[in-house]
Amino acid sequence: MNTYTESTQGVIAKAQQLGLEAEVYLRASSSTSIRVQDGEVDQFSLSDSRGAGIRVIRDGRVGYAYSEDLSLEALERTLEQAARNAALLESAPERGLSEFPGETPEMAELYRPDLAEVPLPQKIEAAMALERIAKSADPRIKNVTSTGYSDAHGFLRVVSTKGVDRMYRSSSAWVSTVPLVTQDGENKTYYQIKVTRDFDHIDPEVIAKEAVERALEKLGSQEVPSGTYPVVFDPETFGDLISVFCGIFSSKTAQEGKSLLRGKIGEQVASKVVTLVDDPLHVEGWGARPFDDEGCPSRRVSLIEDGVFKTFLYNAETARKDGVESTGHAARGGYKGILGVAPSNLILVPGQATPAELLSRHPRMLYVTHVTGLHAGANAISGDFSLQAEGFLYENGERVCPVHNFTVSGNWYRLLEAVEEVGSDVEYQSSAVACPSVLVRDLAIAGK
Amino acid sequence: MTANSLSLAEALIDRQLVADVIDMAMSGGADFAEIFVEDRQTSGLSFLDSRIKNAASGQSRGAGVRVFYGTRAVYAHTNDLSRDGLMAVAKAVSQTRQADGRHSRKELAPAAPARGLALYKSPFAISAEQKIRLFERADKAARAVGSEISQVDVSLSEQLQHVLIANSEGLWATDVRPYIRFNLSAIATGAGEFQTASESPGALQGYEFIESLDVEDLAERVAKVAITMLKAGYAPSGKMPVVIDNGFGGVIFHEACGHLLETTSVATGASVLAGKMGQQIAHSAVTALDDGTIEGAWGSTAIDDEGAPTQKTTLIENGILKSYMVDKLGARKTGFTPTGSGRRESYRYAPTSRMRNTFIAPGEYSIDELLASVPYGLYAKRMGGGSVSPGTGDFNFSVREAYMIRDGKIAEPVRGATLIGNGADILMKIDMVGRDLALAEGMCGSISGSLPVTVGQPPLRVSEIVVGGR
């Protein structure tokens, strides 16, 4: 894969001639996506894309521009465009590029060149097997949709007039399937997705059967009476909540007056059982990376220790504004994006209890295994959430029945304080959050 | 708008190359091939802390090639528009499958540009100073509403998309689509809490749309909602009747029914509304349309992303299912006629059936009559987004601004909550439809990416729905 050394170095040289501080953020990726339906390849897609975002800083003003044409000529036009955009801002002393000296870790595990060498028929067969096994797993299967295999590989390169020139490659593969099961007119689905870096870890038998089992166990769902319940969130669901609300740990959000954690460093902001870290060096996580989106080397950061808030996450600009060092959490969200702050791999440090133990702590509890509508039902600024949920009712540690058509509501800041216990069952789901099951006391449930 | 910029997508690629790409794409026995070429300029300006926060702009350019082998589709895209780059993509799609027989291509027959030379003010030609003055007015108006307003975000995003779509049936269609959207959100702070509110009007128009907005009025409305919600209690929990006001309230139909009528989910039988054509699927008070023809509306299209002219499609008439939303591949799979509904976010996505401007048609009641019919319930004045699971029809959508209804009258404000239900069930429970139709703009995400759509409805009553308060 072309890494565009000539044009990126050319445009950096041009910036230097013009007396501009500039940075090129270059991303390229190739992907293959196969969707199967009824034993045939239904959709097949190949993609090849690349683009560069240029950030220019001049007299404390910053401007951004991007291009998908990576010729030197196009990048020079993009540089000029970014410089014109910069002229629209007022000057602020914290803006500037950094040199980020020091070594970045190797992290060769992120890239598996052998993934590209897996023959196409083998990839197709992985998806076909997934559908076949899911379809025949149980007579109550009505349909299996959205079954597919995808993989992608690519690189990120950051080059600047401050001498930064860092690059890493990464690759991943994922499979998905959605069984629809039916019984007495009741339909239930389960959306299954598994992400891996290693093709050999895709076991269609295990993945299909788990998906079907998770759909079947929802059959016979009851509505639950409205009220307040102690709730155990399964790891994936609590991980989803952490992902939605992780903006409260961003120094940028805080500096913009949008995080209620502002001014609370050193204070108890969560229950004592909550310890939350961000670790970009943890290669099993999907957010693993050797450096951040402006080339700052990655390191592990503690956000909350025993409930006490320790630090916000920073990029170079927000760090300068607060008079601290960058924590290496610059994030662009792609070459079209602007510099922000985001976590890499968030890890909620596990406790001692198994999920079964958590589910027997109170006489009547809800086990929430899925929430939907996070983009609409959770407000990342106020912390309020009201989410459509699915799960199971537990009484005296025994599963009574699956439950559906209810919402779970609360406020993220209050919820952090209300965590009673953290489970021992930590694992990375198909996301960048590693999280165990979590017991929260008294959440509002709206049902029948 | 000049003729020169209108033909930009055509200028990127010559007709002979298009013909060669189509031929190459079909060389493995495909019975249909299509190329979609796109050039998109974007520009965004944002304002925070009462000053310009960010200025960003850029250009995307690429092409996607799609072939059909019967009902099976293959898609590949690239942003290398050279002859070598495009022919490599065409070759890749031709090699994915070997079918018997060869199909031939019809001669390309260039049609007039879809949109015509509609005059509009290119936002790229408006000075940044003018836009900054607009932000300052909006910011000032929002902050003037009350000292509780602690932050105001204002932004403007502009796009100009040129497309060329050609296929083996001889189609050669071009379009130019100017998109513009203004966003204002405000945060109210008090007693260690934040509440937010926002509005985001948008249009398939130029800068004249922004000039038509009363930004002070919009800013005041938004700020007032944020402050009202700061002082409001939480919504109650449980099942109750809900009156949903017009405009973005239409998200209920979009989620509870719209997605289930896209052939994307109908064709695989994944939709609970598959196989229901001609049947009663909603209360007889409900008539619903998906209309791409509304001049300048955010979800309108002159042609869809498969080059077909847009349509006004009646989905449901007096509760009876009349039409699905059908794209080309969906038509092959289901046998229904395409409705000009093939849409995609960009060249990176194969098109699929999607909504445009989707709304419930006006009925006979005033908002007061709707409220008066409810002894105790929720008045959902302003909605947020939502989502649906097509296989089960279970949907959710969030209320941003709400009030209790007591004895048929609007009572105290309550903070937003999510409303949840099942599409098939809730369509039967929309039992009173008001007169005053309004549309509102949103972005809709699905397998062919994120697209501008509008949702809409008159005020209406749902006889019973779960309100997810506390």
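Every chain's residues receive numbers from 1 upward, in the order its sequence appears when written. Here chains are named by letter from A upward and ligands by number from 1 upward, in the order in which they appear as written. pLDDT decides what is reported in this predicted model: residues at 70 or higher carry local features, side-chain atom pairs at 80 or more are listed and counted, and totals for whole chains, interfaces and linings draw on all residues regardless.

Colleague: Whenever I open this one, the overall build of chain B confuses me. Can you help?
Modeller: Along the backbone of chain B there are 12 helices and 24 strands. Note on method: radius of gyration uses C-alpha positions; expected globular size equals 2.2 Å times residues raised to 0.38. On C-alpha atoms alone, chain B measures out to a radius of gyration of 24 Å, which is about the 23 Å that the 2.2 N^0.38 rule sets for 470 residues. Any residue with 12 or fewer other C-beta atoms within 10 Å of its own C-beta is exposed, any with 20 or more is buried, and the rest are partly exposed; the C-beta atoms used are placed from the backbone. Here chain B, with 470 residues, has 58% of them falling under the buried criterion. This entry defines residue contacts through backbone-placed C-beta atoms, with two residues in contact when those atoms are within 7 Å. Excluding contacts between residues fewer than 6 apart, the proportion of contacts in chain B whose partners are at least 24 apart in sequence is 75%. Strands here are runs of E lasting at least two residues and helices are runs of H or I lasting at least four, both read from the DSSP assignment and numbered beginning at the N terminus.

Colleague: Explain the nonpolar core to me, please; I cannot follow it from the model alone.
Modeller: The nonpolar side chains of a soluble globular protein tend to be buried with one another. By size, the foremost hydrophobic cluster in this structure holds 211 residues, and its most contacted members are Val231 of chain A together with Ala142, Ala186, Ala226, Val242 and Val467 of chain B. Apart from residues no more than four positions distant in its own chain, Val242 of chain B is found in contact with Gly377, Leu378, Ala380, Leu419, Val462, Ile465 and Val467 of chain B. Definition of nonpolar core: a set of buried Ala, Val, Leu, Ile, Met, Phe, Trp, Tyr and Cys residues joined via C-beta atoms within 7 Å. Formed by 61 residues, the second largest nonpolar core is a distinct cluster that contains Phe44, Ala134 and Ala208 of chain A together with Ala302 of chain B.

Colleague: Can you walk me through the packing of helix α3 (residues 15-25) of chain B against helix α4 (residues 83-94) of chain B in this structure?
Modeller: A pair of packed helices can be characterised by two numbers: the angle between their axes and the separation between those axes. All names here are of chain B. Simply put, an axis is a line fit to the C-alpha atoms, just over the touching stretch for a helix, and the angle between two N-to-C directions goes from 0 to 180 degrees. Between α3 and α4, the shortest axis-to-axis distance is 7 Å and the interhelical angle comes to 25 degrees. In terms of orientation, α3 lies roughly parallel with respect to α4. Between α3 and α4 lies a crossing whose hand is right-handed. Contact with α3, carried on its side by Leu17, Asp20, Val21, Met24 and Ala25, involves Arg83, Leu86, Met87, Ala90, Lys91, Val93 and Ser94 of α4 and no other residues of that element. Throughout, the term roughly parallel applies to angles under 35 degrees, roughly antiparallel to angles over 145, roughly perpendicular to angles from 65 to 115, and oblique to all others. Should the near helix be turned anticlockwise from the far one by less than a right angle, the crossing is left-handed, and should it be turned clockwise, the crossing is right-handed.

Colleague: What exactly am I supposed to notice about the interface of chain A and chain B here?
Modeller: Many structure descriptions define interface size as the accessible area lost when the parts assemble. Facing 57 residues of chain A, the contacting portion of chain B comprises 59 residues. Top element by residues in the side of chain A that touches chain B is strand β2 (residues 40-58) of chain A. It accounts for 11 residues. Here the nonpolar group is Ala, Val, Leu, Ile, Met, Phe, Trp, Tyr, Cys and Pro; Asp, Glu, Lys and Arg are the charged ones; every other residue, Gly included, is treated as polar. Taken together, the residues of the side of chain A that touches chain B sort by class into 17 nonpolar, 27 polar and 13 charged. Think of it this way: DSSP has to see at least two bridges between two strands before they count as a pair. Here strand β3 (residues 61-67) of chain A pairs with strand β2 (residues 51-69) of chain B via four bridges, running parallel. Across the sheet, the residue bridging to Ala65 of chain A is Ser57 of chain B, located in β2 of chain B.

Colleague: Explain helix α7 (residues 215-231) of chain B here, please?
Modeller: Each α-helix turn comprises 3.6 residues. Residues three or four places apart therefore point the same way. Over its 17 residues, α7 of chain B runs 25 Å from end to end, which matches the ideal 24 Å to within 8%, given 1.5 Å per residue. Buried within α7 of chain B are the following residues: Val215, Ala219, Val222, Ala223, Val225, Ala226, Ile227, Met229 and Leu230 of chain B. Expected helix span is taken as 1.5 Å per residue step, with the number of steps being one fewer than the number of residues.

Colleague: Is there a simple way to explain unusual backbone geometry in this structure?
Modeller: All names here are of chain B. For Ser50, which is not glycine, the phi torsion reads 60 degrees and is therefore positive. Inspection of the secondary structure assignment puts Ser50 in the loop between β1 (32-48) and β2. The exposure class assigned to Ser50 is partly exposed, which follows from the 14 C-beta atoms found within 10 Å.

Colleague: Would you explain the environment of Asp293 of chain A in this entry?
Modeller: Residue and element names in this part refer to chain A. Among the secondary structure elements, Asp293 is positioned in the loop between β9 (276-278) and β10 (301-305). Asp293 sits 267 residues away from Leu26 along the chain, and the two C-alpha atoms are 9.9 Å apart. Apart from the residues within four sequence positions on either side, Asp293 is in contact with Tyr25, Ala330, Ala331 and Arg332.

Colleague: Just checking my understanding: could you explain the domain arrangement of chain A for this structure?
Modeller: Here chain A is partitioned into domain 1 (5-216) and domain 2 (227-242 + 350-446). The distance between the C-alpha centroids of domain 1 of chain A and domain 2 of chain A comes to 30 Å. Boundary definitions for the domains trace back to an automatic or database domain assignment.

Colleague: What am I meant to see in helix α2 (residues 72-86) of chain A here?
Modeller: With 15 residues, α2 of chain A ought to run about 21 Å at 1.5 Å a step, and its terminal C-alpha atoms sit 21 Å apart, in line with that. Considered for burial, the residues of α2 of chain A that qualify are Leu75, Thr78, Leu79, Gln81, Ala82, Ala83, Asn85 and Ala86 of chain A. Next to the buried residues of α2 of chain A lie α1 (5-17), β1 (21-37), β2 and β3 of chain A together with β2 of chain B.

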